[in-house]
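# Observations on the three-dimensional arrangement
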2 protein chains.
Amino acid sequence: MIKIIVDAMGGDNAPRSTVAGAVSALESDKQLYIILTGRRNDVEAELKKYKFDEKRLEIVDCPDVIDMNDSPTEAVKRKESSMMQAYWMLKKQDDVCALVSAGSTGALIAGGQLILGRIRGIKRPALCSPIPNSRGTFTLFADCGANAECKSVMLGQFALLGSAYAKAGFGVENPKVGLLNNGTESHKGDPLHQEAYKLLTRINGINFYGNVEGRDIMLGECDVVVSDGFSGNVALKSMEGSAKLVLGVMKKELSSSLSSKIGYLFMRKALKRMRAQLDFDKAGGALLLGLKKPVVKSHGSSKPESIANSVHNAASIYRNGLVGSVEKLLSEADLDAITGDTDER
Amino acid sequence: MIKIIVDAMGGDNAPRSTVAGAVSALESDKQLYIILTGRRNDVEAELKKYKFDEKRLEIVDCPDVIDMNDSPTEAVKRKESSMMQAYWMLKKQDDVCALVSAGSTGALIAGGQLILGRIRGIKRPALCSPIPNSRGTFTLFADCGANAECKSVMLGQFALLGSAYAKAGFGVENPKVGLLNNGTESHKGDPLHQEAYKLLTRINGINFYGNVEGRDIMLGECDVVVSDGFSGNVALKSMEGSAKLVLGVMKKELSSSLSSKIGYLFMRKALKRMRAQLDFDKAGGALLLGLKKPVVKSHGSSKPESIANSVHNAASIYRNGLVGSVEKLLSEADLDAITGDTDER
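Let us look at the structure shown here. Everything numeric in this text was worked out from a predicted model, so none of it was measured.

### Concerning the relation of the copies chain B and chain A
For these two chains of identical sequence, chain B goes onto chain A by a turn of 180° and a shift of 0.0 Å along the axis, with RMSD 0.1 Å. The relationship between the two copies is best expressed as a two-fold rotation axis. Nearest to the rotation axis, the C-alpha of Gly263(B) is located 1.8 Å from it, this being the minimum over chain B. Mapped onto chain A, 100% of the interface residues of chain B again fall at the interface, so both copies present the same surface.

Here it is as structure tokens:
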């Protein structure tokens, strides 16, 4: 049995979407056991809509809910909230395997660091998004927003975390890792990225491809693209904005004349497949990597399908031993020896 | 008569595209006079293909050509190259108004700084790209790659440069300026962006909108988005990559079945309009702002139409007195007084 906690109150459509997604995941994977944290009455009202295996689902009543506007450091103190209660259970109960939440990203990162804790040796967890690419698969993009300020050693660790996930999550054997920079030549970038480039060429256990540019995240050769969290956030949102604009312009143009409306009827299926391939959320949420147990961040506007995908993703990376792989890679890489960094935060 | 220099040897398709674009611009604007710098024989061979007003075009023979792989600082020393010769003429001849080049961006920036020179008080020129947005107009994005390392005062100057261009180039009366950051709240960002936010709220003469995210460059409210050159390069290339992927997936899906192929026939015009609206190059090249005269950077893969657009753009910003506007805004803003910076580089 794989026990997954779902923060039932996290996200814009909670608890409707979270409960529907959890029930759907339970139905399609008989090995799952789901714990829903949230206001019991609200969660039960939603659960009444569905048939499910009651032996594999429980509710933990939490009177408090973290809001998107709450300060992350303040949020961490609210033990009775659905998100922080979930973190405390994840920390204290050995049989609880992973957490899924569509709630505030900032609070989820803070709770991960301050309650659950990092894998020994990891300086900062990274928020990692699977980005649809031109090969029809996903590029893991790390860090896409958890750490606005980075040191090169953190970028080195993101490379290790990303490699471990590309193996455990995507099943890629020897994942290629690129460094997001302002050009592909080896001397490119500000001092941070120049230093990170040198470090990445020296780390054991990763397959370093070299510098890549923004366009390569979606078009390129790499399985993992490593970035500082500031540029990572900028790149992620730029890609989303651009894809949204293109799809928006397309929609407008396709309804602009009778001829194009007729054309649309013939192309509906093709356009639907296209939207599915470009769905940033299809891969089942972003990952908060570097913590002692898997934490999956589902999009704030997640629909039931996205929540279910996130639950399956959490179960899958637990099954594939992600945390163990990270620990192994980390000890083999021996980053501190390379960087001369003895600061064991 | 408006004299524009075109670097005839710059870009992947030179001198074929540059000559064709220059001739086309000459035809549609009778006030133009064009100077082509480049290998006389090559340029003349291209010119033979067209009819044009010979009194308004001259060739300046330059035996040397700067390559995309040449180091910018070395390139600047090559006075006999088509690009640097153009810069020397722009600097020394009062009646030469502006420069258009599709050559190496790095060399163009270096030449601009070291040969032509900056507007008094401007610390660094910014590379500014007009980005198609959801309003069907363009957002000016500055800096998108000239300065990988920035100080907050530089971001303040980019805001002034961008505002001046939005007026002179786009005709926007009181352009809204956003700061690209990793979130919209005022406290967001690393120290550079936090400091830049505070500075932007205090500068006279700009209409500061606040922080914006990557998606807002294409979807948002602002006429100008200011960025450090590192994130700017990442954002620009991420947007291009994303748009390219979406259009690529669309093309594939539209030819995937008989039904979608039939649909395509009905929608050709709509799809053509869509591609035109999303053309990153339509606005006539990127601008190198902050120099003593207008310099327009056309895309390396520019076709004749893009070169012609760049020439028209250069003529238009010269006519609208861009450099004068920048100087006026700069003196009104009195940035040095705000920042306490007395370093008059």
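### Thoughts on the pattern of salt bridges
Under the criterion given, the structure shown has 32 salt bridges over all chains. Arg78(A) is the partner of Asp70(A) in a salt bridge, and the nearest nitrogen-oxygen pair spans 3.1 Å. Assessed through its relative accessible area of 23%, Asp70(A) is described here as partly exposed. Here Arg78(A) falls in the partly exposed class, since its relative accessible area comes to 26%. A salt bridge links Lys3(B) to Asp95(B); the shortest N-O distance between them is 2.9 Å. Here the residue Lys3(B) occupies a position in strand β1 (residues 2–7), and Asp95(B) occupies one in the loop between α4 (82–92) and β4 (96–101), the gap between them amounting to 92 residues. Taking relative accessible area as the criterion, Asp95(B) reaches 41% and is therefore assigned partly exposed. Salt bridges here are not isolated pairs; linked through shared partners, they connect Glu213(A), Arg215(A), Lys237(B) and Glu240(B).

### Section: the sheet that holds strand β4 (residues 96–101) of chain A
Remark on secondary structure: sheet strands pair via backbone hydrogen bonds, oriented parallel or antiparallel. All names here are of chain A. Taken in spatial order, the 11 strands make up an open sheet running β3-β2-β1-β4-β11-β10-β5-β6-β9-β7-β8, and their pairing is mixed. Taken across any chain shown, the strands that pair with only one partner, and hence form the sheet edges, are β3 (57–61) and β8 (207–212). Ignoring strand direction, the axes of neighbouring strands in this sheet form an average angle of 25°. In terms of strand pairing, strand β1 (residues 2–7) meets strand β2 (residues 32–38) through 6 bridges, oriented parallel. Within the sheet, the bridge partner assigned to Ile 5 lies in β2 and is Ile 35. Lying on the sheet, helix α5 (residues 105–116) is in contact with β4, β5 (126–132), β10 (286–289) and β11 (295–297); it crosses β11 at an angle near 170°.

### So, the interface of chain B and chain A
The interface is formed by 54 residues belonging to chain B together with 54 residues belonging to chain A. Between chain B and chain A lies a buried interface of about 4500 Å² when both sides are counted; carbon and sulfur atoms form 70% of it. The largest share of the area that chain B buries against chain A comes from Phe230(B), Leu245(B) and Phe266(B), three residues that together contribute 15% of it. Our enumeration of links across chain B and chain A arrives at 4 salt bridges. One salt bridge in this structure joins Glu240(B) and Arg215(A), with 3.2 Å as the shortest N-O distance. Taken together, the links from chain B to chain A amount to 10 residue pairs in polar contact (both at pLDDT 80 or more). Looking at the side of chain B that touches chain A, the elements that each hand over two or more residues are α7 (191–202), α8 (216–219), α9 (229–254) and α10 (258–277) of chain B. A per-element tally of the side of chain B that touches chain A places α9(B) first, with 21 residues.

### A few points about the packing of aromatic side chains
Residues and elements named next belong to chain A. A complete count under the given rule lists 6 aromatic pairs over all chains for this structure. Measuring from ring centre to ring centre gives 5.4 Å for Tyr 197 and Phe 208, while their planes differ by 70°; the resulting arrangement is edge-to-face. With a gap of 11 residues between them, Tyr 197 in helix α7 (residues 191–202) and Phe 208 in strand β8 connect regions that are remote in the sequence. Phe 208 shares its class with Tyr 197; the two are buried. Each residue in the set Phe 138, Tyr 165 and Phe 170 is aromatic and connected to the rest through ring pairs, giving one cluster. Seen from the ring of Tyr 33, Lys 3 lies directly overhead, with NZ or CZ sitting 4.9 Å from the centre.

Calculation criteria
- Residues numbered from 1 in each chain as written.
- Chains lettered and ligands numbered in written order.
- Predicted model: local features only at pLDDT ≥ 70, side-chain atom pairs only at ≥ 80, totals over all residues.
- Heavy atoms only, no water.
- Least-squares fit on C-alpha atoms with pLDDT ≥ 70 in both.
- Contact = heavy atoms within 4.5 Å.
- Salt bridge = Lys/Arg side-chain N within 4 Å of Asp/Glu carboxyl O.
- Buried < 20%, exposed > 50% of the residue type's maximum accessible area, 1.4 Å probe, protein only.
- Helix = DSSP H or I, 4+ residues; strand = E, 2+ residues; numbered from the N terminus.
- Pairing = 2+ DSSP bridges.
- Axes fitted to C-alpha atoms, helices over the stretch in contact; angles between N-to-C directions.
- Buried area = accessible area lost by both parts, 1.4 Å probe.
- Polar contact = N/O pair within 3.5 Å; in protein donor to acceptor, adjacent residues only side chain to side chain.
- Phe/Tyr/Trp six-rings, centres within 6.5 Å; stacked < 30°, edge-to-face > 60°.
- Lys NZ or Arg CZ within 6 Å of the ring centre and 35° of its normal.

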